[in-house]
Amino acid sequence: QVQLVESGGGLVQAGGSLRLSCAASGNIFRLGLMGWYRQAPGKQRELVATITAGGSTNYADSAKGRFTVSRDNAKSTVYLQMNSLKPEDTAVYYCNANVGGWNYLWGQGTQVTVSS
């Protein structure tokens, strides 16, 4: 059984930075695409950024230039460095990972709150 555990959320002032981490544990054969999504109150979950096992990245327009996704394959961990945070970045951030074949897992989510 593979699990994703996120950490690093919290409260930060506008213009500040946070770094989220998501570590996969359990019977991992191979992790494929990993990424971050977020869901604000009353809104649908949306893509923030993804990264392939080879390091190719993709970002939502709202994240470009401010957020950086990276991964450490040896540690089965994906990171999201968030800079220049805005109040509209406030949301629950979820990690997602392909754990083999067509199987994708979600983490439990971590709250990010940006005050103005």
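Right above here is the structure, for reference.
Parameters and conventions
Residues numbered from 1 in each chain as written. Predicted model: local features only at pLDDT ≥ 70, side-chain atom pairs only at ≥ 80, totals over all residues. Heavy atoms only, no water. Pairing = 2+ DSSP bridges. Helix = DSSP H or I, 4+ residues; strand = E, 2+ residues; numbered from the N terminus. Axes fitted to C-alpha atoms, helices over the stretch in contact; angles between N-to-C directions. Disulfide = S-S within 2.5 Å. Buried < 20%, exposed > 50% of the residue type's maximum accessible area, 1.4 Å probe, protein only. Core = buried A, V, L, I, M, F, W, Y, C linked by side-chain atoms within 4.5 Å. Contact = heavy atoms within 4.5 Å. Salt bridge = Lys/Arg side-chain N within 4 Å of Asp/Glu carboxyl O.

With that settled, the discussion passes to the sheet that holds strand E3 (residues 18-25). Ordered in space as E1-E3-E8-E7, the four strands form an open sheet in which the pairing is antiparallel. On the outer flanks of this sheet lie strand E1 (3-7) and strand E7 (67-72), each paired with one strand and no other. The mean angle between the axes of side-by-side strands here comes to 15 degrees, regardless of whether they run parallel or antiparallel. Two elements, E3 and strand E8 (residues 77-82), share six bridges in a ladder whose sense is antiparallel. Residue Arg-19 lies in a different strand from E8, and its bridge partner there is Gln-81.

Let's shift gears to the state of the cysteines. Tallied over the entire structure, the rule returns one disulfide. The partner cysteine of Cys-22 in its disulfide is Cys-95, sulfur to sulfur 2.1 Å. Its S-S torsion of about -80 degrees marks the bond between Cys-22 and Cys-95 as left-handed, since a negative value means left-handed. Pair noted here: Cys-22 is in strand E3 and Cys-95 is in strand E9 (residues 91-98), with a separation of 73 residues, a long-range link. Here Cys-22 and Cys-95 have matching classes, each one buried.

Let's shift gears to the nonpolar core. If you look at the biggest cluster of nonpolar residues, it comprises 27 residues, and the most contacted ones within it are Trp-36, Leu-80, Met-82 and Tyr-93. Breaking this core down by element, the ones donating at least two residues are E3, strand E4 (34-39), strand E5 (46-51), E7, E8, E9 and strand E11 (110-115). When sequence neighbours within four positions are dropped, the list of residues in contact with Met-82 reads Gly-16, Ser-17, Leu-18, Leu-20, Arg-66, Phe-67, Tyr-93 and Val-112.

Attention now moves to the pattern of salt bridges. It is possible for side chains bearing opposite charge to pair when their charged atoms get close. Inspection of every chain in the model, using the stated rule, returns four salt bridges. For the salt bridge of Lys-64 with Asp-61, the shortest nitrogen-to-oxygen distance reads 3.1 Å. Asp-89 is the partner of Arg-66 in a salt bridge, and the nearest nitrogen-oxygen pair spans 2.7 Å. One end of the pair, Arg-66, is in the loop between strand E6 (57-59) and E7; the other, Asp-89, is in the loop between E8 and E9, and 23 residues separate them in sequence. What makes Arg-66 buried here is its relative accessible area of 12%. Linked by salt bridges that have partners in common, Arg-38, Glu-46, Arg-66 and Asp-89 make up one network.

Okay, unusual backbone geometry next. The phi torsion at Ser-76 lies on the positive side, around 50 degrees, for a residue other than glycine. The phi torsion at Ser-84 lies on the positive side, around 50 degrees, for a residue other than glycine. The residue Ser-84 is located in the loop between E8 and E9 in this model. Its relative accessible area of 40% is what places Ser-84 among the partly exposed residues.

Looking now at the side chain of Thr-50. Mapped onto the elements of the fold, Thr-50 is located in strand E5. When sequence neighbours within four positions are dropped, the list of residues in contact with Thr-50 reads Leu-33, Met-34, Gly-35, Tyr-37, Ser-56, Thr-57, Asn-58 and Val-69.

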